[in-house]
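So you can see what is in the structure, the chains are spelled out below.
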Amino acid sequence: MLCAVSLSIDCGSSDVSTDENSIIWIGDNDLIQNGETHVVQSTNSLSHVMDTLRVFTTHKKNCYSWEANKGVQVLVRASFYYGNYDKKSSPPTFDLQFDGNHWDSVVTSMDQMVYYENIYVLQMDSISICIAQTKEGQFPFISALEIRSLESNMYNHVNAEYALFLKSRTAYGADAVIRYSDDIYDRIWIPVVAGNGLIKATSDAIFIDNNAVPDRPPQAVLQNAITASVASSSITLNLNFVDSDKLVYINFYFSEVTQLDSTELRSFRILVNNQPSKPIVPIYANVTELNASNFTLSSNTTFSLVPTPDSTLPPLINAMEIFYISDVMTKGTDSNDVEGLSTLLNSFDVLNQWSGDPCLPVSFTWDWLDCSTDATPRVTAMYLNSSGLSGLLPDFSSMDAVEKIDLHNNSITGPIPDFLGTLPNLKELNLADNQFTGPIPASLLKNTKLKLVVSGNSNLCTPGRGSCETANTPVSPGSNPFSGGYKKKKKSKLPVILGSTIPTFFVFWAILGTLAILRHKKKTAAVAAANAGKQGGANRPNGNLQGMANKICEGVLNEFKVNVEEQNNNNVEMPEQEAPIYNGENSARHA
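In this text, all values refer to a predicted model and were calculated from it rather than measured experimentally.

So, the pairing of strand β23 (residues 303-307)
Thinking step 1. A large share of β23 lies buried, amounting to four of its five residues.
Thinking step 2. Pairing of strand β18 (residues 235-237) with β23 involves three bridges; the strand directions are antiparallel. Each bridged residue has a counterpart across the sheet, and for I235 the counterpart in β23 is L305.
Thinking step 3. Both strand β20 (residues 268-272) and β23 contribute to a ladder of five bridges, which runs antiparallel. Paired with R269 across the strands is V306, a residue of β23.

Quick look at the structure:
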């Protein structure tokens, strides 16, 4: 269960290690069943963590999943380093997903590590990070996966139904990358040095209070800044944006670097696409945070810090974060179906390789499921035929939207569960070629709308009045049994026995037996002629009176079976851009 957490996974490794930032990394062997572990070429080695990776050559998507607490806010970072591990010099492209949502398209590099970061509030009681193949022959991989808990009031100027995808996180004036332990939340701040007439400014404050703003930039980030050399000069941030129709969310951080006297004032505005913010006056030994959102980025987007007319000092900036805002996050596949599928995964080890959201994203449902297209999808079909299932069938009655279930050609044992007959939308059920035993539930036998297959279960029987006769393919009147799978139509190879006709049959048998004994001497020739073409009786010796009676009864029974099959087979189906909105640290959340 993930609550407050700092989890660092070294994908493709089985070791526990500690890096230069005192972060403890664990291998992923116990966290996922799928994938192959690889090591990058020695000449491309970057670090202990980046040197190993896990590659996925099967399934449309493969996922790392954990139970978690709904409502917890997390930072998730996925890192990828190709390193020519396969000696093909062909870094792949693939999709990255979280909790059933599309995250990004991962574009890997031959010799550079790339990472993707996402901040969001968990919408479910679980978390899953998935890598999905999108191009034939390009197998997705992952080098590292990190999950960090964040405070609930951090990054809360965007509604909790949206995720924030990191575009950049910059520490202006810093000399090196800043992360844990300087940042207790292990955000990665990339240094940007001064240039183009700008100068670096270093704070002389011994301590900078970062608790005054909700997003808590680390002191190491606030200790440095960039500023202009002339008080009247503006600062233009050239960020080389590309055109995008995605809305963005931006945090700006400012901290005065020295104690000003009464004659000094540093005051400026931020202009995004020439739209001004309120005046910003940084505070010494403290931090000011400004948020901007509700606009898109393009190659023409500009950020400028422009001094106000009364300012005696030039603008400065310590740090900035830019995020893309996601679409509304899904709440996942219906919880009733997730519950039912979990029982199947827990009961059959062979299914444990399946994880992540079963129905979402839409193009990446589990291979053996069909799902509805509702906003909260339901599972409508399960195709687990020939899947190597063995043991008892668990109760997945919560999956009340399922219409088709194909379990044929497995080794499922025990009785057919009663709950299958209570599934309100079930139309097709194929249980053929398993090892089910005992009677078929009456709820299945009486369902006239159900296409039922039970052939190949030699120990199944149809319940009668006080007894249960074993049969290969039990069928009840009113049911629509058919043999084989859903897509192949063929006649049943096994006899059909109708349980409700058994009492009448036994009376008929007794009467015929008595008549045979009384009329044996007079009817020998006629009986022999009558039985000459019957199944099962034509080639057996008739050495005595009792044998003759048995022979007649067998002939009648076989003719009865043939007639019933003929009657039954006649009725059975075979088979425009807005201005940015600026918010201070006390702004309310908005979508």
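Comments concerning the pattern of salt bridges
Thinking step 1. Going through the model one piece at a time under the given rule, you end up with 16 salt bridges.
Thinking step 2. Of the charged contacts in the structure, one is a salt bridge between E117 and R77, with a shortest N-O distance of 3.0 Å. One end of the pair, E117, is in strand β10 (residues 114-121); the other, R77, is in strand β7 (residues 73-80), and 40 residues separate them in sequence.
Thinking step 3. Accessibility expressed as a relative area gives 2% for E117, which makes it buried.
Thinking step 4. The residue D400 makes a salt bridge to R378 at a minimum N-O spacing of 2.6 Å. A residue pair is termed long-range when its members are at least 10 positions apart, and D400 in the loop between β28 (390-392) and β29 (404-406) and R378 in the loop between β26 (369-371) and β27 (379-383) qualify at 22 residues.
Thinking step 5. A relative accessible area of 16% places R378 in the buried class.
Thinking step 6. Ionic contacts of the salt-bridge type, sharing partners, join the residues R77, E117, E146, R148, R169, R179, D186 and E321 into one network.

Description of the state of the cysteines
Thinking step 1. Under the defined criterion, the tally for this structure stands at two disulfides.
Thinking step 2. Disulfide pairing places C63 opposite C130 at an S-S distance of 2.0 Å. Residues C63 and C130 share a disulfide whose torsion about the S-S bond is about 105 degrees; that sign makes it right-handed. You can see C63 sitting in strand β6 (residues 61-67) and its partner C130 sitting in strand β11 (residues 126-132), a full 67 residues away along the chain.
Thinking step 3. Using a relative accessible area of 2% as the deciding quantity, one classes C130 as buried.

Some remarks on the layout of surface pockets
Thinking step 1. The space that makes up the largest pocket amounts to roughly 1,100 Å³.
Thinking step 2. Every element with two or more residues in the lining of the largest pocket is listed here: β6, β11 and α2 (335-347).
Thinking step 3. Classifying every residue of the lining of the largest pocket gives 13 nonpolar, 14 polar and seven charged.

Here's the deal with unusual backbone geometry
Thinking step 1. Of note, the amide linkage connecting Y180 to S181 takes the cis form, showing an omega dihedral of 15 degrees.
Thinking step 2. Note that S181 resides in the loop between β14 (162-172) and β15 (190-192).
Thinking step 3. Although it is not a glycine, H59 sits at a positive phi angle of roughly 70 degrees.
Thinking step 4. For H59, the position within the fold is in the loop between β5 (52-55) and β6.
Thinking step 5. A positive phi angle is found at D99, which is not glycine, with a value near 50 degrees.
Thinking step 6. Secondary-structure assignment places D99 in the loop between β8 (93-98) and β9 (101-107).
Thinking step 7. Accessibility expressed as a relative area gives 3% for D99, which makes it buried.

Re the sheet that holds strand β17 (residues 224-228)
Thinking step 1. On the basis of which strands lie adjacent, the open sheet formed by three strands has the order β16-β17-β24 and antiparallel pairing. Both edges of this open sheet fall to β16 (198-202) and β24 (316-317), since each of them pairs with a single strand only.
Thinking step 2. By the bridge criterion, two bridges tie β17 to β24 in an arrangement that is antiparallel. Paired with I226 across the strands is I317, a residue of β24.

A short note on the sheet that holds β6
Thinking step 1. As summarised here, the arrangement of the four strands in space is β6-β11-β8-β9, forming an open sheet in which the pairing is antiparallel. Across the chains shown, the open sheet's two edge strands, defined by having one partner strand only, are β6 and β9. Neighbour-to-neighbour, the strand axes of the sheet open up by a mean angle of 15 degrees, direction not taken into account.

Section: the side chain of N62
Thinking step 1. Here N62 shows up in strand β6.
Thinking step 2. Relative accessible area serves as the criterion here: at 3%, N62 is assigned to the buried category.
Thinking step 3. A distance of 2.7 Å separates the side chain of N62 from the side chain of N34, its partner in a polar contact.
Thinking step 4. Every residue in contact with N62, bar those within four places of it in the chain, is listed here: N34, F56, I129, C130 and I131.

The rules we used
Residues numbered from 1 in each chain as written. Predicted model: local features only at pLDDT ≥ 70, side-chain atom pairs only at ≥ 80, totals over all residues. Heavy atoms only, no water. Buried < 20%, exposed > 50% of the residue type's maximum accessible area, 1.4 Å probe, protein only. Helix = DSSP H or I, 4+ residues; strand = E, 2+ residues; numbered from the N terminus. Pairing = 2+ DSSP bridges. Salt bridge = Lys/Arg side-chain N within 4 Å of Asp/Glu carboxyl O. Disulfide = S-S within 2.5 Å. 1 Å grid on protein atoms, 1.4 Å probe; cavity = no way out; pocket = protein on both sides within 12 Å on 5 of 7 lines; lining within 4 Å. Points joined across faces, edges and corners; volume = space filled by probe spheres on them. Nonpolar A, V, L, I, M, F, W, Y, C, P; charged D, E, K, R; others polar. Axes fitted to C-alpha atoms, helices over the stretch in contact; angles between N-to-C directions. Polar contact = N/O pair within 3.5 Å; in protein donor to acceptor, adjacent residues only side chain to side chain. Contact = heavy atoms within 4.5 Å.

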